[in-house]
Amino acid sequence: MTTDERVFGEQIADSVESFLLALRAIAREGNGAQAVSLLLLEISQVLLTGARMGAQHDFTPREEYQPDVGPEADIDDLRLRLAEMLEGVDAYTFVFDPYVPEVVESRLSDDLASIAIDLENGLRHFRAGNVDEALWWWQFSYVNNWGNLAGAALNALLTVVAHDRFDTDFEADADAVAVADEMLGSAPTAQP
C-alpha cells in the first residue's frame with residue numbers, strides 16, 4: 001500500500017465516521033423539522049465521499065475473503081428512531097436503474113440504515129488496520145448498494161425541502177404533504 005492510499009483511506013474513514021456520528025445524533029434528537037435539512041446535508045457529504053471512491057482505480061483486497069472484524073453494529077434502534085421521526089415522509093419510491101426503469105418502493109429509514117451498515121463495515125476493517133480491505137469494501141458497496149440508495153434518499157429529501165421552500169406542485173398523498181409541512185414548520189398549502 002502506498003502512502004497516498006493510506007492518506008486517502010484516512011480521509012475516507014474520517015468522512016464515514018463523521019456521517020455515522022451525525023446520523024446517530026439526528027436520530028437521537030428526533031426533531032423532524034431539523035432532520036430533513038440535516039439529512040440532506042449529511043447525505044450530500046457522504047455522496048461526495050462515495051464519488052471519490054468511485055473515481056479511483058479499483059481497489060483490490062489482500063485476500064479473497066473478507067477478514068472477520070466481528071459482528072455488524074446493531075442499527076435497529078437507529079432505523080426505528082428514524083422511521084418514527086420521518087413517519088409521514090419515510091415511504092417513497094424511486095427508479096433503481098434508469099436503464100431498466102422499474103419503480104422501487106422504499107423507506108428512508110431502511111435505506112439510511114443500510115447505508116450505515118455498509119459504511120460501518122468498512123470502518124471496522126479500517127480500524128483493524130486493514131486499509132486495503134476497507135477501501136475495497138467502501139468502493140464496492142458504494143457502486144453496488146449505498147451510492148444508489150443515498151442518491152435516491154437525497155432526491156426524496158430534496159423533494160420535501162423543495163415543496164416546503166418553493167411551494168411547488170407536489171404530486172403526493174395529501175397526508176404526506178401535510179406531514180412534510182408540519183415537520184418543516186410551514187403553513188399547509190392548498191393542493192390541486
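Note that the structure is predicted; figures quoted are calculated from it, not measured. (Residues numbered from 1 in each chain as written. Predicted model: local features only at pLDDT ≥ 70, side-chain atom pairs only at ≥ 80, totals over all residues. Heavy atoms only, no water.)

> I keep staring at the overall build of the protein chain and nothing clicks. Help me out?
Scanning the protein chain for helices and strands turns up 6 helices and 2 strands. Its helices and strands in sequence order give the protein chain the pattern α-α-α-β-β-α-α-α, from N to C terminus. When burial is assessed residue by residue, the protein chain has 42% of its 192 residues classed as buried. Put simply, 71% of the contacts in the protein chain that link residues at least 6 apart link residues at least 24 apart. Split by element, the accessible area of the protein chain, about 10600 Å² in all, is 51% carbon and sulfur. (Helix = DSSP H or I, 4+ residues; strand = E, 2+ residues; numbered from the N terminus. Buried < 20%, exposed > 50% of the residue type's maximum accessible area, 1.4 Å probe, protein only. Contact = heavy atoms within 4.5 Å. Areas by Shrake-Rupley, 256 points an atom, 1.4 Å probe, with all protein chains shown as cover.)

> Even after reading the chapter, I still don't get the packing of aromatic side chains, so can you show me in this structure?
Pairs of aromatic rings are described using the distance from one ring centre to the other and the angle between the two planes. For the structure shown, the criterion picks out 8 aromatic pairs. Measuring from ring centre to ring centre gives 6.3 Å for F126 and W138, while their planes differ by 35°; the resulting arrangement is tilted. Of this pair, F126 sits in helix α4 (residues 108–127) while W138 sits in helix α5 (residues 131–166), and the two are 12 residues apart along the sequence. For the pair shown, F126 and W138 are each scored as buried. (Phe/Tyr/Trp six-rings, centres within 6.5 Å; stacked < 30°, edge-to-face > 60°.)

> What is the right way to look at α4 in this model?
Structural remark: α-helix, 3.6 residues per turn; residues separated by three or four positions point the same way. For α4, with 20 residues, the first-to-last C-alpha span of 28 Å sits near the 28 Å given by 1.5 Å per residue. Most of α4 sits inside the fold, with 16 of its 20 residues counted as buried. Phi turns positive, to about 90°, at G129, one or two residues after α4. (Expected span 1.5 Å × (residues − 1).)

> What am I meant to see in the pattern of salt bridges here?
Any two side chains of opposite charge can pair if their charged atoms end up close together. This model, assessed by the stated rule, comprises 6 salt bridges. One salt bridge in this structure joins D76 and R79, with 4.0 Å as the shortest N-O distance. Residue D76 and its partner R79 are located together in helix α3 (residues 76–85), separated by 3 residues, close to a single helical turn. With a relative accessible area of 41%, D76 lands in the partly exposed category. The shortest N-O distance in the salt bridge between R107 and D90 comes to 3.8 Å. One end of the pair, R107, is in strand β2 (residues 103–107); the other, D90, is in the loop between α3 and β1 (91–95), with 17 residues separating them in the sequence. The exposure class of D90 is buried, given its relative accessible area of 2%. (Salt bridge = Lys/Arg side-chain N within 4 Å of Asp/Glu carboxyl O.)

> Even after reading the chapter, I still don't get the side chain of D90, so can you show me in this structure?
Within the structure, the side chain of D90 is placed 2.7 Å from the backbone nitrogen of S109, a separation counted as a polar contact. Non-local contacts of D90, meaning those with residues more than four positions away in its chain, are made with A83, S106, R107, L108 and S109. (Polar contact = N/O pair within 3.5 Å; in protein donor to acceptor, adjacent residues only side chain to side chain.)

> Even after reading the chapter, I still don't get the nonpolar core, so can you show me in this structure?
When a protein is soluble and globular, its nonpolar side chains tend to lie buried together. Residues F19, L23, I43, I115, L119 and W138 are the most contacted members of the largest nonpolar core, which totals 49 residues. Where this core is concerned, the elements lending two or more residues are α1 (3–29), α2 (32–54), α3, β1, α4 and α5. Here this core takes 15 residues from α5, the largest share from any one element. (Core = buried A, V, L, I, M, F, W, Y, C linked by side-chain atoms within 4.5 Å.)

> I'm lost on the pairing of β1 in this one. Help?
Consecutive residues of a regular strand have side chains that alternate between opposite faces of the sheet. Along β1, the buried face is formed by Y92 and F94; none of A91, T93 and V95, which line the opposite face, is buried. Relative to β2, β1 runs antiparallel, the two being bridged by 5 bridges. The partner of T93 across the bridge, within β2, is E105. (Pairing = 2+ DSSP bridges.)

> Teacher, can you tell me more about the confidence of the model for the protein chain here?
Caution applies to low-pLDDT parts of the model: their predicted coordinates are not meant to be read in detail. Mean pLDDT over the protein chain works out to 86, with 83% of the residues at or above the 70 mark. Summarising per-element confidence for the protein chain, the mean pLDDT is lowest in helix α6 (residues 174–184) (65) and highest in α4 (96). (pLDDT = per-residue confidence, 0-100.)

> Just checking my understanding: could you explain the packing of α4 against α5 for this structure?
A packed helix pair is summarised by two numbers, namely the angle formed by the two axes and the spacing between the axes. Two numbers describe how α4 lies on α5: the axes approach to 9 Å, and their chain directions differ by 165°. On the basis of the axis angle, α4 is roughly antiparallel to α5. Between α4 and α5 the crossing geometry is left-handed. Classifying every residue of the contact of α4 with α5 gives 15 nonpolar, 6 polar and 3 charged. (Axes fitted to C-alpha atoms, helices over the stretch in contact; angles between N-to-C directions. Parallel < 35°, antiparallel > 145°, perpendicular 65-115°, else oblique. Left-handed = near helix turned anticlockwise from the far one by under 90°. Nonpolar A, V, L, I, M, F, W, Y, C, P; charged D, E, K, R; others polar.)

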